[in-house]
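# Descriptive structure summary
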Amino acid sequence: GANTPGAIASMVGGAVTALLWKLLDIEGATAIHPMLAGVTVSAALIVGVSLATRRNYPVPGHVLEAMDEAARLEPM
């Protein structure tokens, strides 16, 4: 159920977190790699923002249809 606002927030938030983590040397204080911090924030944002905006920005019907069709395909 991820939507456009969730995806955008996820990409921007994760990138900014990783960048700031590195620039501010938070890794030295926490021993957490900037990439891990960025991915964690990114995952939280895609879930949270998508849930918060799902009424105003639903997943388009053609995307849901494509997902259903892909689920019906057999492995090659």
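So, here is what we can say about the structure in this document. (Residues numbered from 1 in each chain as written. Predicted model: local features only at pLDDT ≥ 70, side-chain atom pairs only at ≥ 80, totals over all residues. Heavy atoms only, no water.)

### Focus: the overall build of the protein
When its secondary structure is counted, the protein shows 4 helices and 0 strands. Its helices and strands in sequence order give the protein the pattern α-α-α-α, from N to C terminus. Relative to its length of 76 residues, the protein is extended, with a C-alpha radius of gyration of 17 Å against a globular reference of 11 Å. Principal-axis analysis of the C-alpha atoms places the extent of the protein at approximately 50 × 35 × 15 Å. (Helix = DSSP H or I, 4+ residues; strand = E, 2+ residues; numbered from the N terminus. Rg over C-alpha atoms; globule rule 2.2 N^0.38 Å.)

### A short note on the packing of helix H1 (residues 4-23) against helix H3 (residues 34-53)
At a closest axis distance of 7 Å, the pairing of H1 and H3 adopts a crossing angle of 155°. With respect to their mutual orientation, H1 and H3 come out roughly antiparallel. Regarding H1 and H3, the two cross each other, and that crossing is right-handed. In this structure, H1 uses Pro5, Gly6, Ala7, Ala9, Ser10, Gly13, Gly14, Thr17, Ala18, Trp21 and Lys22 to contact H3, whose residues at the interface are Pro34, Ala37, Gly38, Val41, Ser42, Leu45, Ile46, Val49, Ser50 and Thr53. (Axes fitted to C-alpha atoms, helices over the stretch in contact; angles between N-to-C directions. Parallel < 35°, antiparallel > 145°, perpendicular 65-115°, else oblique. Left-handed = near helix turned anticlockwise from the far one by under 90°. Contact = heavy atoms within 4.5 Å.)

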